[in-house]
Amino acid sequence: MLKLLVIDDNQPICQALQTLFALQGYQVFCANTPEQAWQILNQHDASQHSIDLILQDMNFSAGEMQGAQGKALFYQLRGHYPAIPIVLMTAWTQLEMVVELVKAGATDYIAKPWDDQRLLLTVANALKLKQLTEQQQRAERERSAAFAGKDLCGLVFASSQMQQLLQMALQLAPASAAVLITGPNGAGKEGIANVLHANSERKDKPFIKVNMGALPADLMEAELFGAEAGAYSGASKTRIGRFEAADGGSLFLDEIGNLSLAGQAKLLRVLQTGEFERLGSSQTRKVDVRLISATNSDLTDAITRGEFRQDLYYRVNVVQLVLPALHERPEDILPLARYFLAGKKALSAAAEQLLLHYPWPGNVRELQNVCQRAMLLSSTNDIQSSDLGLPQLAQAGKRALDDIDQVQLQQALTQAGGVVSRAAKQLGISRQALYRRMEYYGIDTP
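What counts, and at which threshold
Residues numbered from 1 in each chain as written. Predicted model: local features only at pLDDT ≥ 70, side-chain atom pairs only at ≥ 80, totals over all residues. Heavy atoms only, no water. Helix = DSSP H or I, 4+ residues; strand = E, 2+ residues; numbered from the N terminus. Buried < 20%, exposed > 50% of the residue type's maximum accessible area, 1.4 Å probe, protein only. Lys, Arg positive; Asp, Glu negative; His and termini not counted. Salt bridge = Lys/Arg side-chain N within 4 Å of Asp/Glu carboxyl O. Contact = heavy atoms within 4.5 Å. Polar contact = N/O pair within 3.5 Å; in protein donor to acceptor, adjacent residues only side chain to side chain. Pairing = 2+ DSSP bridges. Axes fitted to C-alpha atoms, helices over the stretch in contact; angles between N-to-C directions. 1 Å grid on protein atoms, 1.4 Å probe; cavity = no way out; pocket = protein on both sides within 12 Å on 5 of 7 lines; lining within 4 Å. Points joined across faces, edges and corners; volume = space filled by probe spheres on them. Core = buried A, V, L, I, M, F, W, Y, C linked by side-chain atoms within 4.5 Å. Arc of directions from axis to C-beta.

(A) Spatial organisation of the side chain of E255. You can see E255 is positioned in the loop between β8 (250-254) and α10 (261-273). Buried charge without a partner: E255 forms no salt bridge, and the closest opposite charge is K189, 4.2 Å away. Apart from the residues lying within four places of it in its own chain, the contact partners of E255 are N185, K189, N211, M212, G213, A294, T295 and N296.

See below:
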């Protein structure tokens, strides 16, 4: 049962709130003074059953209307219990103080007399957010434990999809089985290959990388298997191939679907026997290489078209790791963006929203380029949405935090004479929610 603490010097108000929340299944404790509140909190700390949310009045003495007592108590509670949501309640206080405390971490501000349904909804939302935050913190702790002592090669992620993928990669790393990494261009396939090698028994041996998509077809075989002097036009000296260079270590073939059929035949033989010949040579050489491949194409479709050997497919695809596109793991977008900014500049709220709503067809590589460009174009320490240079199609899905746009927000504030509480009531949102939107659109507090 969720536990609420009501701190209010008015006993009838305490009783009314206790009845209201008890009917909704909450367990409610009441304190008429700050001293009583600390006693209740300490008792629950000792029993390891902490309070889940605090409803706090702002004045505790007869005739007190400035809120100084409530302000002092709020900061003390926030210092001792930073994870407990605090909802402020009072009929007498200054608007500037409300703004200050909301910015300092108060969950919301409710005016007396209150609306029962709105108050219940405010508390329910605050508790749900607290629960989600705790779940995220537990997931972070579990992730830290799961990857303790492992080399993640600097990969930045927050999504469960990436966590599961990396856990599988780490499980595969000690083996020598061939791994095929699939996923769209720019999603980070090479990063997964780095993790596989860095956590393998071959980590101190060579890790050779070849971008098959960047090689001319007539040079692929020489690049992979080497060539003797005179083996082809322009080959003036013996050339060591990538397989030979990777002996004892790992070889990463990016965009393996671009390998010619002749090259595929030779690759198949190497995977089966570890043997190959350089171009222009009859001497058989033997190597021990762990193959890691990657592709953004459908190799099974290429097999159907006769462009990729089925027997080779089963050799390179002993285990397949599927890397999702960036838009399929939105939790990774902001952590990656902050990593690319390297602490040199921060993202405004509007910029964050735009990044989250953009579809990222170029995946992580595009995000990196956008962040680098924004750092160059931004004239302040905070990157604005206009600095990102993203196409206007992303703006259509931007909408601040709900369906309230900047024009509606400004109209509501004007009609309310700049009084935030009236504007919030007119829009049907809480004061805290209104402050967030004002900050998002860059509207100054009246």
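Next, the rest of the story.
(B) Looking closely at the environment of K71. Within the secondary structure, K71 sits in helix α3 (residues 68-80). Separated by 271 residues in sequence, K71 and A342 place their C-alpha atoms 36 Å apart. In terms of polar contacts, K71 uses its side chain to reach the side chain of E100, at 3.4 Å.

(C) View of the sheet that holds strand β3 (residues 53-57). Read across the sheet, 5 strands follow the order β2-β1-β3-β4-β5 without closing on themselves; strand pairing throughout is parallel. Unpaired on one side and paired on the other, β2 (27-31) and β5 (108-111) mark the two borders of the sheet. On average, each strand axis in the sheet is inclined to that of its neighbour by 20°, with strand direction left out of account. The sheet contact formed by strand β1 (residues 3-7) and β2 spans 5 bridges and is parallel. Pairing of L5 across the sheet is with F29, part of β2. Of the strands in this sheet, β1, β3, β4 (86-90) and β5 touch helix α5 (residues 116-146), which is tilted by about 135° from β3.

(D) Spotlight on the sheet that holds strand β12 (residues 319-322). Within the open sheet, the 5 strands sit side by side as β7-β8-β11-β6-β12. Their pairing is parallel. Edge positions in the sheet fall to β7 (207-211) and β12, since each of these pairs with one other strand and no more. Across the sheet, the mean angle separating the axes of adjacent strands is 20° when strand polarity is ignored. Relative to β8, β7 runs parallel, the two sharing 5 bridges. Among the inter-strand pairings, N211 is bridged to a residue of β8, identified as D254. With respect to the sheet, helix α6 (residues 160-172) is in contact with β6 (179-182), β11 (290-295) and β12, its orientation differing from that of β12 by roughly 155°. Strands in contact with helix α7 (residues 189-198) are β6, β7, β8, β11 and β12; relative to β6, the strand with the most contacts, it is inclined by about 155°.

(E) Structural context of the layout of surface pockets. Its volume calculated, the second largest pocket comes out at about 610 Å³. Lining the second largest pocket are 24 residues, and of these A187, G188, K189, G191 and V364 lie nearest its centre. For the lining of the second largest pocket, the secondary-structure elements that each account for two or more residues are α7, α13 (333-341) and α15 (363-377). Top element by residues in the lining of the second largest pocket is α7. It accounts for 5 residues.

(F) Fine view of the nonpolar core. If you look at the biggest cluster of nonpolar residues, it comprises 38 residues, and the most contacted ones within it are L5, I54 and L434. Mapped onto this core, the elements with two or more residues apiece are β1, α2 (34-47), α3, β4, α4 (95-103), α16 (406-415), α17 (420-427) and α18 (431-441). Ranked by residues supplied to this core, first place goes to α4 with 5 residues. Grouped together as the second largest cluster of nonpolar side chains are 27 residues, V210, F225, L268 and L312 included.

(G) Local environment of α13. The set of residues buried in α13 consists of I333, L334, L336, A337, F340 and L341. Seen along its axis, α13 keeps its buried residues to an arc of 160°; they face one direction. Looking at the buried positions of α13, the neighbouring elements they touch are β13 (346-347), α14 (349-357), α15 and β14 (382-383).

(H) Examining the side chain of R278 more closely. Residue position: R278 is located in the loop between β9 (275-277) and β10 (284-286). R278 sits in the buried class, given a relative accessible area of 8%. When sequence neighbours within four positions are dropped, the list of residues in contact with R278 reads F225, G226, A227, E228, T238, R239, I240, E244 and R285.

(I) Summary view of the pattern of salt bridges. Per the counting criterion, the structure on display carries 21 salt bridges. Across the pair K71 and E100 runs a salt bridge whose closest N-O atoms are separated by 3.4 Å. Residue K71 is found in helix α3, and its partner E100 is found in helix α4; the two are separated by 29 residues along the sequence. Accessibility expressed as a relative area gives 32% for E100, which makes it partly exposed. Residue E307 pairs with R305 through a salt bridge whose shortest N-O separation is 2.7 Å. Three or more residues are tied together by salt bridges with common partners; here these are E228, E244, R278 and R285.

(J) Structural context of the environment of F252. Within the secondary structure, F252 is located in strand β8. Judged by relative accessible area, F252 falls into the buried class, the value being 2%. Separated by 124 residues in sequence, F252 and L376 place their C-alpha atoms 34 Å apart. If near-sequence neighbours (up to four positions away) are discounted, F252 is found in contact with K189, E190, A193, F207, I208, K209, V210, I292, S293 and A294.

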